[in-house]
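Observations on the three-dimensional arrangement
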Amino acid sequence: MKGIAQNAELLELIDQRRDEWIERNFRIVDKGGHLVPLTLNPVQRSYWEGRSLRDRLLKPRQAGVSSVVLADLLSEAMLFHGLNMLYMVQKPEDQNIAIHRDRAQLYYDATAPEWRPPLAISNTHQMSFEFPGGRRSTLFFTGSGGQGIGRGITLHRVARDEIRDWEPHEVSASDSSLLGLPQDSRVIDMSTSSFYGSPWHTLCQKAKGGSDGFGYRFFRWFDLPEYRLPGEGALIDLDEGEAQLRESYHLSDEQLRWRRAMVLRAGGDLREFWQEYPEDDLRCWMLAGTGAMPQDILDRMLTMARPPMPLPKDSPLQGFGDLLQVWLPPEPGDSYVIMADPAEGLPNSHDSAAVVRRMRGWAHAASLRGKIAPGELGGMLVSLGRAYTPALVGWERNYQGAGVQERVVEQLRYPHVYKWRSRVYPGADERYGFVTSLQSKADLVGKMQEAMRTGFWSSPDGELIDQYMRLQSQGNDRYDTSTLDLAMADMLCLEARSQALGLGYSGRRRGDGEARWLIPSYLRQRRQEHGYPHTGKQPSRQGL
């Protein structure tokens, strides 16, 4: 090892192809209990080829991600001096540290002697490798609660394993310690999924949105070739989910048989299966409480979600940049509802959001979302209203709503603005903006539940569907929508729909006054039950 360690050119060449060095030297115990070379599977290969300084990995069970990350750190420590690395595991610490420490020892013992530096220190929590001239590299092992290990030294590599099982204060403390790492350090976070709103879910959402400097990687169970189950004959009795998987990802009969067997092992609960073996990075997150919206409908809608359309260069919507996603461009003769959930627009605040709904067919036309200040949001709402014209524009009347109103009404004098009027709420005052209370929010949720169950509601926006999946009942008609900005804006669109009827729009059909005014089927049924006649006249708002 001495001569090799002094050959900088050779080490540089090896580092460029260190994955091959790992496959030649390291050994691992496979699922059958056999000692075999560590040959990278497709998921491990994808990790290796996509490594960066900051990686966050959402993975299925037993995909070998922990094994390849440990091999990555250990091989670098064995080849190069002057590095300090920390591998952090979930509780129980004694059990999980032993698993990873034993695996690292197995890697080390299997390595050819000429590549194996002497171990200056070797114990449960540390492997310290000695190089010529008294130089060293060290790999530390600690649990999620062992924040003391590694303090007082400069860490160059940190891996945090199975963060889903860490306590919130442990994630927070570890996040704080990462702030002092050198610029060229590496951090790798990895875990299977957990619950909506958990620290791990929050970290993944930040990485997915590009807001904290981490790259986001998601791996599906069918990325692994071994997840197959042979069987006799072809599968022809596919359910909707299986048919969608086959169409989208070309899964084989053997893969679908394996999936069926694992779903049965999970008691037939698809959500339990998705948490351990994800197929997308939305449905794999479990609800900690009771979902407020019909999950089966949202699951089906998620399979039909699609990316937004590219905008022509001369489109009036080009000025919004990445803040606006468009599925349907403005159409002459149609009318629209645009409602917003304002926020402060600060880097650490929730996003501001708005949803554009076309009155004809209640189609989801566009979504606006980002760190947008109230005044700027007001200007954007007016621009959207003038592009999707005629359009009723409105917002939630919270603290930030005052800034939106000043821009929309007082400065830009937009003519079609939602006012809060209702026979149901005693506080309705004919002023701009929807007032959110426990009662009014529960009513919003109830109306959206009915719209979903009757098939009136749909959306191609995967993020909006994800937010509805996260909306939970807290009991006693209480719902927390503080981080569900798009869902709140979309529910406000449904609330404001009756006011938009007066704008006029195309798509009228003769012979059915109710269809002419595009009243959803569930409201038409309710009107018939209460004796409202079919007429060719515009229905009054009192009838709605």
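In this text the structure is predicted, and so the values were computed from the model without any measurement. (Residues numbered from 1 in each chain as written. Predicted model: local features only at pLDDT ≥ 70, side-chain atom pairs only at ≥ 80, totals over all residues. Heavy atoms only, no water.)

1. A closer look at the overall build of the protein
We count it as follows: Only DSSP runs of H or I covering at least 4 residues are called helices, and only runs of E covering at least 2 are called strands; the numbering of each starts at the N terminus. Contacts are residue-level and defined by heavy atoms, with any inter-residue pair within 4.5 Å sufficient. Using the Shrake-Rupley algorithm and a 1.4 Å probe, accessible areas are obtained, with residue cover drawn only from the displayed protein chains.
If you tally the helices and strands in the protein, you get 19 helices and 17 strands. The long-range share in the protein, meaning contacts at least 24 apart out of those at least 6 apart in sequence, stands at 65%. Accessible surface for the protein amounts to roughly 24700 Å². Of this, 48% is attributable to carbon and sulfur atoms.

2. Some words on the sheet that holds strand E13 (residues 336–341)
What counts here: Between any two strands, at least two bridges found by DSSP are needed for them to pair. In this description, a line fitted to the C-alpha atoms serves as the axis of each element, helices being fitted only across the stretch in contact, and the angle between N-to-C directions of two axes falls anywhere from 0 to 180 degrees.
Overall, mixed pairing links the 5 strands, which are arranged E12-E15-E14-E13-E16 in an open sheet. Sheet topology places strand E12 (324–326) and strand E16 (391–395) at the edges, where each strand pairs with a single neighbour. The sheet shows a mean angle of 15° between the axes of neighbouring strands, taken without regard to direction. Of the strand pairs in this sheet, E13 and E16 are connected by 5 bridges, and their pairing is parallel. Note on E16: the bridge partner recorded for Ile338 is Val393. Its contacts with the sheet put helix H17 (residues 485–500) on E13, strand E14 (352–358), strand E15 (363–370) and E16, and the angle it makes with E13 is roughly 140°.

3. A short note on the packing of aromatic side chains
We count it as follows: In this analysis, rings of Phe, Tyr and Trp, with Trp reduced to its six-membered ring, are considered paired at centre separations within 6.5 Å, and the interplanar angle assigns stacked below 30 degrees, edge-to-face beyond 60, and tilted for intermediate values. Using a 1.4 Å probe on the protein chains alone, a residue whose accessible area is under 20% of its type maximum counts as buried, one over 50% counts as exposed, and one in between counts as partly exposed.
One pass over the full model with this rule turns up 18 aromatic pairs. Consider the rings of Tyr108 and Phe129, whose centres lie 5.8 Å apart with planes at 35°: the pair is tilted. On the criterion of sequence distance, the pair formed by Tyr108 in helix H6 (residues 93–110) and Phe129 in strand E6 (residues 126–131) is long-range, its members being 21 residues apart. Here Tyr108 falls in the buried class, since its relative accessible area comes to 8%.

4. Quick word on helix H13 (residues 374–387)
Basically, it comes down to this: Here a helix's expected span is defined as the number of its residues, less one, multiplied by 1.5 Å.
Taking 1.5 Å of rise per residue, the 14 residues of H13 would be expected to cover 20 Å, and the 20 Å separating its terminal C-alpha atoms lies within 8% of that figure. Counting buried positions over the 14 residues of H13 gives 10, a clear majority of the element. The complete set of buried residues in H13 reads Pro374, Leu377, Gly378, Gly379, Met380, Leu381, Val382, Leu384, Gly385 and Ala387. Elements that come into contact with the buried residues of H13 comprise E12, E13, E14, E15, E16 and helix H14 (401–411).

5. Re the packing of helix H5 (residues 65–79) against H6
The angle between the axes and the distance between the axes are what describe a pair of packed helices. Quick note on the threshold: Here the word oblique covers every angle except those under 35 degrees (roughly parallel), over 145 (roughly antiparallel) and from 65 to 115 (roughly perpendicular). Here a crossing is taken to be left-handed if its near helix is turned anticlockwise relative to the far helix by less than a right angle, and right-handed if that turn runs clockwise.
Contact geometry of H5 with H6 gives a least axis separation of 10 Å together with a crossing angle of 55°. Considered as vectors, H5 and H6 are oriented oblique to each other. Handedness of the H5/H6 crossing: right-handed. Contact residues: Ser66, Ser67, Leu70, Ala71, Leu74 and Met78 in H5; His100, Arg103, Ala104, Tyr107 and Tyr108 in H6.

6. As for the pattern of salt bridges
Between side chains of opposite charge, a pair can form as their charged atoms come close. This is how the line gets drawn: The working definition used for a salt bridge is a side-chain nitrogen of Lys or Arg within 4 Å of a carboxyl oxygen of Asp or Glu.
This model, assessed by the stated rule, comprises 34 salt bridges. Taking the shortest distance from any N to any O, the salt bridge between Lys447 and Glu495 comes out at 2.7 Å. Note that Lys447 is positioned in helix H15 (residues 438–453) and Glu495 in helix H17, a separation of 48 residues in sequence. Look at Lys447 and you get partly exposed, because its relative accessible area is 30%. According to the relative accessible area criterion, Glu495 is buried, its value standing at 11%.

7. A word on the side chain of Gln255
Mapping Gln255 onto the fold places it in helix H10 (residues 253–265). Judged by relative accessible area, Gln255 falls into the buried class, the value being 5%.

8. Re the pairing of strand E7 (residues 135–143)
Counting buried residues in E7 gives 7 out of 9 residues, a clear majority hidden from the surface. Here strand E4 (residues 84–89) pairs with E7 via 6 bridges, running parallel. Bridging across to E7, Tyr87 finds its partner in Phe141. Across 6 bridges, the pairing between E6 and E7 is antiparallel. Paired with Met127 across the two strands is Leu139, which belongs to E7. The antiparallel pairing of E6 with E7 creates a hairpin that spans 3 residues between the two strands, and Gly133 there sits at a positive phi of about 80°.

9. What about the environment of Val337?
Topologically, Val337 is positioned in strand E13. Dropping the residues within four chain positions of it, Val337 is found in contact with Val355, Val356, Arg357, Met359, Trp362, Leu392, Cys493, Ala496, Arg497 and Ala500.

10. Considering the pairing of E6
Among the 6 residues that make up E6, 5 are buried, leaving the element largely enclosed by the rest of the structure. Sheet topology places strand E5 (residues 119–123) next to E6; 4 bridges connect them, and they run antiparallel. Following the sheet pairing, Ile121 is matched in E6 by Ser128. The hairpin formed by E5 and E6 contains 2 residues between the paired strands.

11. Some points on the side chain of Gln126
Take Gln126: it is sitting in strand E6. Take Gln126: its relative accessible area is 17%, and that puts it in the buried class. Leaving out residues up to four positions away in the same chain, Gln126 has contacts with Arg101, Ile121, Thr138, Leu139, Phe140 and Phe141.

12. Here's the deal with the state of the cysteines
Cut-off, in case you're wondering: Sulfur atoms of two cysteines make up a disulfide when they are within 2.5 Å.
Taken as a whole, this structure holds 0 disulfides when the rule is applied. The structure places no disulfide on Cys204, whose sulfur is separated from the nearest cysteine sulfur, that of Cys284, by 8.1 Å.

13. Regarding the confidence of the model for the protein
Put simply, the rule reads: Within a predicted model, pLDDT stands for the predictor's per-residue confidence, ranging from 0 to 100.
Taken over all residues, the pLDDT of the protein has a mean of 86, while the share at 70 or more is 88%. Note that pLDDT drops below 50 for residues 1–5; the model gives that stretch 14 contacts with residues more than four away or on any other chain. The low-confidence segment residues 505–520 (pLDDT under 50) makes 43 contacts with residues lying over four places distant or belonging to another chain.

14. Some remarks on unusual backbone geometry
Between Lys91 and Pro92 the backbone carries a cis peptide bond, its omega angle lying at 0°. Within the fold, Pro92 resides in the loop between E4 and H6. Here the bond from Thr389 into Pro390 is cis, since omega is -5°, no more than 30 degrees from zero. Turning to its location among the elements, Pro390 is positioned in the loop between H13 and E16. If you check the backbone angles, Trp362 has positive phi at about 50° while not being a glycine. Of note, Trp362 is situated in the loop between E14 and E15.

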